[in-house]
Amino acid sequence: MSRNRFRDLLSSVLMIRTQDRSCQKACSPIKDTGRNVTTDRFYTSVELAEDLHECKITLVGTMLNNRRHIPEELKAITGRKLNSSKFAFTDPANHLSR
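Residues numbered from 1 in each chain as written. Predicted model: local features only at pLDDT ≥ 70, side-chain atom pairs only at ≥ 80, totals over all residues. Heavy atoms only, no water.

Going by what an unreviewed UniProt entry lists, the chain is known as PiggyBac transposable element-derived protein domain-containing protein and is assigned to Periplaneta americana.

## Brief notes about the pattern of salt bridges
To be explicit about the condition: The salt bridge criterion pairs a side-chain nitrogen of Lys or Arg with a carboxyl oxygen of Asp or Glu, the two atoms within 4 Å. Helix numbers and strand numbers start at the N terminus; a helix is a DSSP run of H or I with at least 4 residues, a strand a run of E with at least 2. Relative accessibility decides the category of a residue: with a 1.4 Å probe and only protein chains considered, values under 20% of the type maximum give buried, values over 50% give exposed, and everything between is partly exposed.
For the coordinates displayed, the defined rule picks out 1 salt bridge. For Glu 72, the salt bridge identified is with Lys 75, shortest N-O distance 3.5 Å. Of this pair, Glu 72 and Lys 75 both sit in helix α3 (residues 72-75), 3 residues apart, which is roughly one turn of the helix. Classification of Glu 72 by relative accessible area gives exposed; the value is 55%.

## Notes on the pairing of strand β1 (residues 36-39)
The test is simple: Two strands pair under a simple rule: DSSP has to find at least two bridges between them. If you view a crossover with the strands going away from you and the path from the first strand over the helix to the second runs clockwise, you call it right-handed.
Residues Val 37 and Thr 39 point to one face of β1 and are all buried, whereas Asn 36 and Thr 38, pointing to the other face, are not buried. The pairing of β1 with strand β2 (residues 58-61) spans 4 bridges and is classified as parallel. Within the sheet, the bridge partner assigned to Asn 36 lies in β2 and is Thr 58. Once the chain exits β1 it traverses helix α2 (residues 46-54) before rejoining the sheet at β2, and the crossover so formed is right-handed.

As structure tokens, this is what we get:
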């Protein structure tokens, strides 16, 4: 792996961790209240959803298909009907691909 590629990967991981921390900090006043948080694709991650779930907070958000932890079956769009949807149910997350 080239040095530049490694640096880019490291910076993206640090950015994701920073996003998760900032979102968790913003959600700290509603911890253990059973509320829902809605995020855009910049903040949404499976890791954040799992962390918030431990605090009894649910998360709804959009994700780009290049994010980790998205099932491969949801990423594939070839051979699917126009305007069709696929669902994946895992514990504790539910995924929808449109």
